[in-house]
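An overview of the molecular structure
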Amino acid sequence: MLAAPLAPARTTVTRTAYWARLLPLLATLACVTRIPSFRRPLWNPDEGFLAVQARLLAQGGELYDTVVDRKPPLLPWLYQAAFALCGSGSLTPLRVLAVLAQLLTAVLLASLARRRWGERAGRTAGVLHLLVSVGLNPEDAQAATFEVFMLPWTVAALWCADRGRWGAAGAAVAAAFLTKQTGGAVLLPVAWLLHQRGGTRAGLPRLAAGCALPVLGAALATDPAGFLFWTVTGSAAYASVTGSELHVLVRALTNTAVLAVASVGLLPPVVRALRGARAMAAEVWLWLWLASSAVAVVLGCHFFGHYYLQLTPSLALLATAALHVLPRDGHPAAVLTSACCCALFVGWGLFAPRPDLAHAERLAAALAHRTAPADRVLVWGIHPETYWLAGRTPATRYLTAGLLTNYSGGRDGPQVGEKYAVAGAWPVFRREMTAHAPALVVDDSRGEPYAPARLPTLHRLLTAGYTEVARVDGAVLYARLPEG
């Protein structure tokens, strides 16, 4: 008669002991796999873009007005908050937050797998995700950018849906979308779980409200029209690959192959399980998660390596489910193989050279030497980190040539030029060049299709008011001519 009340306490003790053993392991693994991220001041232009945005916001800039990008607001706000607390001279605080984001993703995956397939599955899911999450080019996997901070929200959405918490699931979907638009793809498996549970009548309104209210709040906190344009409607030309089909195809195949190498310990169990286990076919929500993540990678037709990070949680969980249904024990082999691959990618991150960063640092040093801290400058290129490294304020809200020419990721086709810019960008650019003409213009195009000679407006600006004063690694520096 007295034994029954002890069962909940025993369950709580067991759960506490489980997490007390697993959390230190996952935390250590998250730190070790991301050691390379602390070795460089910057990993890619996205980090530079976010760092410059954060500084402009701190100086009174307004998102989607005087500070613009084709991205939702959560990560610029996070960078701004980190800079406010720790200073804007280093991305180390963001590196720490990225470690925590990957750790949280692993913990949520472990909890989800443990609930469905048992304690061992929970450990496997968390460990596999952390091992595979660095399995890309280090500039994609180690950077503190959009996908890394989107992943915890996507897994949280499914964690909540698995427990029937539909309002919270919707809020997590919204947060994923507000970190990067493609994070909203997780709504598909969440909706399936809602349908599967048969709670559509009661759960659907809560899910819809959870999705809509945070997005509406973000729009109202910025500028609703600007928010809609920059996050949804203003990127049609950016998604086209006309004229660059071969270049995009090569990038897609290369990054797919790189992730396949990192996932070599995960894929064989999935294939074996599919051949002989109906249980895998029953996990429809998991396949929908993988499929929707794959569509998110394809969306936009750019296939940058960091896009592929969105696949890693679903791959890790799918492999865990496969290992659970296989008749023989494949957990150690899958983990060991993934660990060996992870070691290769961590070594790549630690020792691979970064010529683009070295170029940006030399260019920033020259820019800082030739201008005063209060001067505005224009860096015409696709490396906005030059502004941040030099500690100089951009003369325009358009931090890269891409927004003014539609150039992106080596696009070499005909759809590069003034007429392919973001709608209304060039009139704004001309006004800004008149209102606060840059003391120095850096042409960092170096033979790319967005060179000033191919852009009438910029070419006229340079020939009328500037003279060449130096060259750095092929980039040309122009100083403003004295007035009169």
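Located above this text is the structure these notes cover.
In this report, we go over the structure that sits alongside the text. Worth saying up front: this structure is predicted, and the values here are computed from it rather than measured.

Moving on: the overall build of the protein. When you go through the protein residue by residue, the secondary structure sums to 22 helices and five strands. Here the protein has a C-alpha radius of gyration of 24 Å; the compact-globule value for 484 residues is 23 Å, and the two agree. Residue burial in the protein is summarised as follows: out of 484 residues, 54% are buried. Surface exposure of the protein reaches about 20200 Å², of which carbon and sulfur atoms provide 65%. Where the 41 positive side-chain charges of the protein centre and where its 27 negative ones centre are 12 Å apart.

With that settled, the discussion passes to the sheet that holds strand 4 (residues 466-472). The strand order 2-1-3-5-4 describes an open sheet built from five strands, whose pairing is mixed. For this open sheet the edge positions go to strand 2 (393-394) and strand 4, each flanked by a neighbour on one side alone. Two elements, strand 1 (residues 376-380) and strand 2, share two bridges in a ladder whose sense is parallel. Across the sheet, Arg 376 pairs through a bridge with Thr 393, a residue of strand 2. Here helix 18 (residues 355-370) sits on the sheet in contact with strand 1, strand 3 (440-443), strand 4 and strand 5 (475-480), set at roughly 135 degrees to strand 4.

A word on the packing of aromatic side chains. Under the definition given, this model contains ten aromatic pairs. Judged by centre distance (5.2 Å) and plane angle (75 degrees), the ring pair of Trp 426 and Phe 429 falls under edge-to-face. Of this pair, Trp 426 and Phe 429 both sit in helix 21 (residues 425-435), three residues apart, which is roughly one turn of that helix. The exposure class of Trp 426 is buried, given its relative accessible area of 5%.

In this structure, Tyr 79, Val 190, Trp 285, Trp 289, Tyr 308, Leu 317 and Tyr 398 are the most contacted members of the largest nonpolar core, which totals 129 residues. The element that contributes the greatest number of residues to this core is helix 7 (residues 146-162), accounting for ten residues. Those residues in contact with Leu 317, other than ones at most four positions away along the chain, are Leu 109, Leu 112, Ala 113, Trp 117, Ala 125, Trp 285, Leu 286 and Trp 289. Formed by 18 residues, the second largest nonpolar core is a distinct cluster that contains Tyr 18, Leu 130, Val 134 and Val 346.

Positive phi outside glycine occurs at Arg 446, with the angle close to 45 degrees. Along the polypeptide, Arg 446 turns up in the loop between strand 3 and helix 22 (456-465). We classify Arg 446 as partly exposed; its relative accessible area is 39%. The phi dihedral of Asp 473 is positive, around 50 degrees, even though this residue is not glycine. Relative to the assigned elements, Asp 473 resides in the loop between strand 4 and strand 5. When its relative accessible area of 38% is taken as the criterion, Asp 473 is described as partly exposed.

So, on to the packing of helix 4 (residues 92-117) against helix 15 (residues 284-298). The N-to-C vectors of helix 4 and helix 15 enclose an angle of 155 degrees; their axes lie 14 Å apart at closest approach. With respect to helix 15, the axis of helix 4 lies roughly antiparallel. On helix 15, the residues touching Leu 109, Leu 112, Arg 116 and Trp 117 of helix 4 are Trp 285, Leu 286 and Trp 289. Taken together, the residues of the contact of helix 4 with helix 15 break down into six nonpolar, no polar and one charged.

With that settled, consider the side chain of Arg 354. Looking at the secondary structure, you find Arg 354 in the loop between helix 17 (331-351) and helix 18. With no salt bridge to any partner, buried Arg 354 finds its closest opposite charge in Glu 139, at an N-O distance of 4.2 Å. A distance of 3.3 Å separates a polar atom in the side chain of Arg 354 from the backbone oxygen of Leu 42. Not counting residues up to four positions away in its chain, the partners in contact with Arg 354 are Arg 40, Leu 42, Trp 43, Asn 44 and Glu 139.

The terminal C-alpha atoms of helix 3 (residues 74-86) lie 18 Å apart, and with 13 residues this matches the ideal 18 Å at 1.5 Å per residue to within 8%. Among all positions of helix 3, only Leu 75, Pro 76, Tyr 79, Ala 82 and Phe 83 are buried. One side of helix 3 holds all its buried residues, which, seen down the axis, span an arc of 125 degrees. In helix 3, the exposed residues that point more than 90 degrees away from the buried face are Ala 84 and Leu 85. Looking at the buried side of helix 3, the elements it contacts are helix 2 (45-58), helix 4, helix 7 and helix 19 (385-390). Trailing helix 3 by a residue or two, Gly 87 shows a phi angle of about 90 degrees, which is positive.

Our next topic: a nonpolar patch on the surface. Nonpolar side chains collect at one region of the surface, where Leu 246, Leu 249, Val 250 and Leu 253 lie side by side and expose about 400 Å² of accessible area between them. Residue position: Leu 249 is located in helix 12 (residues 245-262). Using a relative accessible area of 46% as the deciding quantity, one classes Leu 249 as partly exposed.

According to the stated counting rule, one finds twelve salt bridges in the structure shown. Linking Asp 162 and Arg 115 is a salt bridge whose minimum nitrogen-to-oxygen distance equals 2.8 Å. Taken together, the positions of Asp 162 in helix 7 and Arg 115 in helix 4 put the pair 47 residues apart, joining distant regions of the chain. The buried category is assigned to Asp 162, whose relative accessible area is 5%. Note on Arg 115: relative accessible area 47%, which makes it partly exposed. A salt bridge links Arg 116 to Glu 283; its shortest N-O distance comes to 3.5 Å. Of this pair, Arg 116 sits in helix 4 while Glu 283 sits in the loop between helix 14 (278-282) and helix 15, and the two are 167 residues apart along the sequence.

Conventions adopted
Residues numbered from 1 in each chain as written. Predicted model: local features only at pLDDT ≥ 70, side-chain atom pairs only at ≥ 80, totals over all residues. Heavy atoms only, no water. Helix = DSSP H or I, 4+ residues; strand = E, 2+ residues; numbered from the N terminus. Rg over C-alpha atoms; globule rule 2.2 N^0.38 Å. Buried < 20%, exposed > 50% of the residue type's maximum accessible area, 1.4 Å probe, protein only. Areas by Shrake-Rupley, 256 points an atom, 1.4 Å probe, with all protein chains shown as cover. Lys, Arg positive; Asp, Glu negative; His and termini not counted. Charge placed at Lys NZ, Arg CZ, Asp CG, Glu CD. Pairing = 2+ DSSP bridges. Contact = heavy atoms within 4.5 Å. Axes fitted to C-alpha atoms, helices over the stretch in contact; angles between N-to-C directions. Phe/Tyr/Trp six-rings, centres within 6.5 Å; stacked < 30°, edge-to-face > 60°. Core = buried A, V, L, I, M, F, W, Y, C linked by side-chain atoms within 4.5 Å. Parallel < 35°, antiparallel > 145°, perpendicular 65-115°, else oblique. Nonpolar A, V, L, I, M, F, W, Y, C, P; charged D, E, K, R; others polar. Salt bridge = Lys/Arg side-chain N within 4 Å of Asp/Glu carboxyl O. Polar contact = N/O pair within 3.5 Å; in protein donor to acceptor, adjacent residues only side chain to side chain. Expected span 1.5 Å × (residues − 1). Arc of directions from axis to C-beta. Patch = residues over 30% accessible without salt bridge, like charges linked within 9 Å, V, L, I, M, F, W, Y side chains within 5 Å.

Bear in mind that shape data such as this cannot, by itself, settle questions of function.
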